[in-house]
Amino acid sequence: MSEDTHEARTPPGGDPVTDGGAERADEPAEDVALDPWGSATVGDYADLFAEFGIESFDDVADGVPDPHYLMRRGVIFGHREYDAVAEAMANDEPFAALSGFMPTGDPHIGHKLVFDELIWHQERGGDVFGLIADLEAHSARGMSWSEIDEHARDYLLSLLALGFDPEEGELYRQSDNREVQDLGFELGSKANFSEFEAIYGFDGETNISHMQSVVTQTADILYPQLVDEPKPTVIPVGPDQDPHVRLTRDLAVRMRYFKVTEAFASFELDDDERALVRAAYDALAGGSDDGHEINDAETDVRCTDAAEWLADYEPPEAVAAAKPDAVDTLRAGGKEPLRPRVRFFDRNATDEAFEALIEAVDGEKRVFGGHVDAFDLSREEAESIAREVEIDHDGFGFRQPSSIYHRFMSGLTGGKMSSSIPASHISLLDDPEDGYDKVRAATTGGRDTADEQRELGGEADECPVYELYAYLLAGDDDELTKTVYSECVNGERLCGGCKEQAAELMREFLADHQEKRADVEDLLDDLDIDLDSDRRGTGGEH
Ligand code: TRP
Ligand code: SF4
């Protein structure tokens, strides 16, 4: 992160993306802290790292070529495996981005973050998808089809007005995408109700269509990989959507025909044990640290030798706990020689696919009932053979999808931003004058009097107006955010003038955006998206 001003920021949070207005009657179980249909508020974003395994964006930021301002400013704070996407982007390899929008109300400045993230990935050469989550809005929010049609149109107009290129990317409605429906059906066969109960707090009262909309979302997330080939795919969303991302990452693995691991002998090892056995093997075989220089066929390291070596070895902290088991496993291996290999497990493969895999493995191999060991392949080569064979035999060969998470914006009136409190948020359809007025009326992180402000400085980290600058109004201009921030905290900036400047920028942004929306009406009408659906029905609730 090139700016250090946001690190400690823990905004009260709001839920612009999921329309935090609707409260659920049945509260989810206590331990469901990220609820896609609840009113998501995140107390401390850092908790999400330890609790859910979301990783800090800082860890990948250096690998992102020319990062977006939302990345530079810490608004995008977390990710799962975004390095895969960053790497593809840097190497001009295929990658994709996809996000979805529930058409429950007007698109607002919270949605704009995601629109911008999609467009940015598109500008960098990704295959980019924007979808209207109409099945979810109907089943989980009870929106009527005519309301959905109207809102869907507004989301799409804003996305196009901000620069989404529909020639390069794809826009669709969940209900109209047959491939997504079919994929959802397949994915649903790898998930069960107990899992939905645990992840989402679903219970016997949850309507079935709502569950179907979850399966549809997992299909949305993997859909970009049906187009051309499996590829790194990022899902830009708020952290409330992380349960869907986690589930989809699991399903992507469960769908695979083969699992590729590294092994040293006939027995199985977990990752930590494997690191220890590798250390023993490298030491005894006398090769380089990474083991790659060793001519395996010429070494004669037996399991028992490795067990004795390992028993005296002081392992790195991270894998120390695995030592007793690793030693036992090696002892049980007796005189069996240790030889590094890659192992392909049959998970879901058809007989023909398993046969084809055996055929596809070059060099020395050993075939067992449920697995194949290959002695002359690297892990990467093995992964790509497994994927190719799978795809040739009616499998998908999915990669696990990646994600990035943005902070929720605070409400302009303090507290969380909520679609049900118009003054708390700014709709992209707000009259520019109303937008101006809302910013002028916003709560700030300012002090009670001007004198106090000059003396103590304002609290930019607690100020919704500062957020407006950082998340939207300053655009790519880092100098502006830095100036506002430092002038504020140093007491050189007073809230009246600061809000006036922000309000004018907001008025300008809205006027400009709405003009662009008008300009893309024809473009939208030319696209093959049915915004006048003839669907019937009343939909569900939670
Ligand atoms: N559930 C998302 C929301 O509440 C909408 C959505 C549907 C979505 N499918 C998606 C988001 C796929 C990201 C990826 O807004
Ligand atoms: Fe917020 Fe600006 Fe006031 Fe600082 S000066 S507290 S940034 S409104």
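Rules used throughout
Think of each chain on its own: its residues are numbered from 1, step by step along the sequence as written. As they are written, the chains are lettered A onward and the ligands numbered 1 onward, keeping that order. In keeping with the model being predicted, local features are shown solely for residues with a pLDDT of at least 70 and side-chain atom pairs are shown and tallied solely at 80 or more, while totals for entire chains, interfaces and linings include all residues. Each side-chain value is derived from all of the structure's non-hydrogen atoms; neither hydrogens nor water enter the calculation. Think of it this way: any DSSP run of H or I at least four residues long counts as a helix, any run of E at least two long counts as a strand, and we number them from the N terminus. Radius of gyration here is computed from C-alpha atoms only, and the compact-globule reference equals 2.2 Å multiplied by the residue count raised to the power 0.38. Note on exposure labels: buried denotes an accessible area under 20% of the residue type's maximum, exposed denotes more than 50%, and partly exposed covers the range between, all computed with a 1.4 Å probe on protein chains only. In what follows, residue pairs with any heavy atoms lying within 4.5 Å of each other are defined as contacts. Under the convention used here, a 1.4 Å probe and the Shrake-Rupley method define accessible areas, while residue burial counts only the protein chains that appear. Charged residues are defined here as Lys and Arg on the positive side and Asp and Glu on the negative side; His and the ends of the chain fall outside this count. Where a charge sits is defined by one atom per residue type, namely NZ (Lys), CZ (Arg), CG (Asp) or CD (Glu). Source of the domain bounds: an automatic or database domain assignment. Here a residue counts as near a molecule or strand whenever at least one of its heavy atoms sits within 4 Å of it. All amino acids are sorted into three groups, where Ala, Val, Leu, Ile, Met, Phe, Trp, Tyr, Cys and Pro are nonpolar, Asp, Glu, Lys and Arg are charged, and the leftover types, Gly among them, are polar. Summarising the geometry, the arc corresponds to the directions from the helix axis toward the C-beta atoms. We call two N or O atoms a polar contact when they sit within 3.5 Å, provided that within protein one can donate a hydrogen and the other can accept it, with sequence-adjacent residues counted only if both atoms are side-chain atoms. Just to be clear on terms, a salt bridge is a Lys or Arg side-chain nitrogen sitting within 4 Å of an Asp or Glu carboxyl oxygen. Two strands pair under a simple rule: DSSP has to find at least two bridges between them. Note on geometry: axes are lines fitted to C-alpha atoms, helical ones only across the stretch in contact, with angles between N-to-C directions running from 0 to 180 degrees. Any angle that is under 35 degrees is reported as roughly parallel, and any over 145 degrees as roughly antiparallel; angles of 65 to 115 degrees are reported as roughly perpendicular and all others as oblique. What makes a crossing left-handed is the near helix being turned counterclockwise from the far one by less than a right angle; a clockwise turn instead makes it right-handed. Patch membership requires over 30% relative accessible area and the absence of a salt bridge. Like charges are linked within 9 Å, and nonpolar side chains (Val, Leu, Ile, Met, Phe, Trp, Tyr) within 5 Å. Note on aromatic contacts: the rings of Phe and Tyr and the six-membered ring of Trp form a pair at centre separations within 6.5 Å, being stacked when their planes are under 30 degrees apart, edge-to-face when over 60 apart, and tilted otherwise. Note on geometry: a ring has a charge over it if NZ (lysine) or CZ (arginine) is within 6 Å of the ring centre and within 35 degrees of the ring normal.

A. Seen up close, the overall build of the protein chain. Summing up its helical and strand segments, the protein chain has 22 helices and 11 strands in all. On C-alpha atoms alone, the protein chain measures out to a radius of gyration of 27 Å, which is about the 24 Å that the 2.2 N^0.38 rule sets for 542 residues. When its C-alpha atoms are laid out on the principal axes, the protein chain stretches across 80 × 60 × 45 Å. With 542 residues in all, the protein chain has 55% of them scored as buried. Across the protein chain, the fraction of contacts at a sequence separation of at least 24, relative to all contacts at a separation of at least 6, is 77%. Carbon and sulfur atoms make up 44% of the accessible area of the protein chain, which totals about 23,200 Å². Side chains of the protein chain give 47 positive and 124 negative charges; the mean places of these two sets differ by 2 Å.

B. How the structure looks around the side chain of Ser 403. Note on placement: Ser 403 falls in strand β11 (residues 402–406). Residues in contact with Ser 403, not counting those within four places in the same chain, are Gly 78, His 79, Arg 80, Tyr 82, Val 234, Ile 235 and Val 245.

C. Layout of the domain arrangement of the protein chain. Splitting the protein chain by domain gives domain 1 (45–255 + 400–406), domain 2 (259–392) and domain 3 (422–514). Put simply, the middle of domain 2 and the middle of domain 3, counted by C-alpha atoms, are 58 Å apart.

D. Quick look at the site of ligand 2. Lining the immediate surroundings of ligand 2 are Thr 444, Gly 445, Gly 446, Gln 453, Cys 463, Val 465, Tyr 466, Cys 488, Arg 493, Cys 495 and Cys 498. For the shell around ligand 2, the per-class residue count stands at six nonpolar, four polar and one charged.

E. Seen up close, unusual backbone geometry. Phi at Asp 92 is positive, roughly 60°, even though this residue is not glycine. Of note, Asp 394 is a non-glycine position whose phi angle comes to about 70°, a positive value. With respect to the element layout, Asp 394 can be found in the loop between α16 (379–392) and β11. Among the residues examined, Asp 394 registers a relative accessible area of 74% and is labelled exposed.

F. How the structure looks around helix α15 (residues 351–360). What α15 keeps buried is the set Ala 353, Phe 354, Leu 357 and Ile 358. The buried residues of α15 occupy an angular sector of 140° when projected down its axis, which confines them to one face. Among the exposed residues of α15, those oriented more than 90 degrees off its buried face are Asp 351, Glu 352 and Glu 359. In the core, the buried residues of α15 are packed alongside β7 (258–263), β8 (341–346), β9 (365–367), β10 (371–374) and α16.

G. Region of the structure containing the site of ligand 1. Taken together, the neighbourhood of ligand 1 is formed by 15 residues, with Gly 100, Glu 136, Gln 217, Asp 220 and Gln 241 sitting nearest. Contact distances for ligand 1 include 2.8 Å between a nitrogen atom and a side-chain N or O atom of Gln 217. With respect to ligand 1, the side chain of Asp 220 contributes an N or O atom lying 2.8 Å from a nitrogen atom. Against a free-state accessible area of 360 Å², the protein chains account for coverage of 100% of ligand 1. Among the elements of the structure, β3 (96–101), α10 (208–222) and β6 (233–237) are those that each provide at least two residues to the shell around ligand 1. Residue classes in the shell around ligand 1 are distributed as seven nonpolar, six polar and two charged.

H. View of the pattern of salt bridges. Enumeration according to the criterion identifies 35 salt bridges in this entry. The partner of Glu 308 in a salt bridge is Arg 331, and the shortest N-O contact between them spans 3.4 Å. Here the residue Glu 308 occupies a position in helix α13 (residues 303–311), and Arg 331 occupies one in helix α14 (residues 323–333), the gap between them amounting to 23 residues. The partly exposed category is assigned to Glu 308, whose relative accessible area is 43%. Arg 331 sits in the partly exposed class, given a relative accessible area of 42%. In this structure, Arg 339 and Glu 364 form a salt bridge, with 3.1 Å as the shortest nitrogen-oxygen distance. Remark: Glu 364 occurs in the loop between α15 and β9 and Arg 339 occurs in the loop between α14 and β8; sequence separation between them is 25 residues. One connected set of salt bridges, linked through shared partners, spans Arg 72, Arg 73, Asp 476 and Asp 478.

I. Inspection of the sheet that holds β11 at higher detail. The mixed open sheet is built from seven strands, whose spatial order is β1-β2-β11-β6-β3-β4-β5. Here the strands that pair on one side only, and so sit at the sheet edges, are β1 (55–56) and β5 (170–173). Bridge count for β6 against β11 is four bridges, and the pairing is parallel. Each residue of the ladder has a partner; that of Pro 236, found in β11, is Ile 404. Docked against the sheet, helix α1 (residues 45–52) engages β1 and β2 (76–80), running at close to 10° with respect to β2.

J. Structural detail: the packing of helix α9 (residues 193–200) against helix α11 (residues 242–254). The interhelical angle for the contact between α9 and α11, taken along N-to-C directions, is 150°, at an axis separation of 10 Å. Taken together, α9 and α11 sit at an angle that is classed as roughly antiparallel. Two packed elements cross with a definite hand, and for α9 against α11 that hand is right-handed. Side by side, α9 and α11 meet where Glu 195, Phe 196, Ile 199 and Tyr 200 of the first sit next to Pro 243, His 244, Leu 247 and Arg 254 of the second. Grouping the amino acids of the contact of α9 with α11 by side-chain chemistry returns five nonpolar, one polar and two charged.

K. Inspection of a negative patch on the surface at higher detail. Side chains of Glu 55, Asp 58, Asp 59, Asp 62, Asp 83, Glu 87, Asp 92 and Glu 93 sit close together on the surface and give a patch of like negative charge. Among the elements of the structure, α2 (58–61) and α4 (82–90) are those that each provide at least two residues to the negative patch. Mapping Asp 92 onto the fold places it in the loop between α4 and β3.

L. Quick peek at the pairing of β10. Both faces of β10 are covered, namely the face carrying His 371 and Asp 373 and the face carrying Val 372 and Ala 374. One ladder, built from four bridges, connects β8 with β10; its direction is antiparallel. Bridge pairing in β10 links Phe 344 to Val 372. Bridge analysis of β9 against β10 gives three bridges, and the strand direction is antiparallel.

M. Region of interest: the packing of aromatic side chains. For the structure shown, the criterion picks out 18 aromatic pairs. Between Phe 49 and Phe 77, the ring centres sit 6.2 Å apart and the planes meet at 40°, which makes this aromatic pair tilted. Taken together, the residues Phe 49 in helix α1 and Phe 77 in strand β2 connect sequence positions 28 residues apart. Look at Phe 49 and you get partly exposed, because its relative accessible area is 27%. Here Trp 309 and Tyr 313 contribute two aromatic rings whose centre-to-centre distance is 4.5 Å and whose plane-to-plane angle is 25°, an arrangement assigned as stacked. Taking the relative accessible area as the measure of exposure, Tyr 313 reaches 23% and is therefore partly exposed. Members of the aromatic cluster, each reached through a chain of ring pairs, are Trp 37, Phe 196, Tyr 200 and Phe 202. When the ring centre of Tyr 45 is taken as origin, the NZ or CZ atom of Arg 407, which lies over that ring, is 4.9 Å away. Across from the ring centre of Trp 145, 4.7 Å away, lies the NZ or CZ of Arg 535, which sits over that ring.

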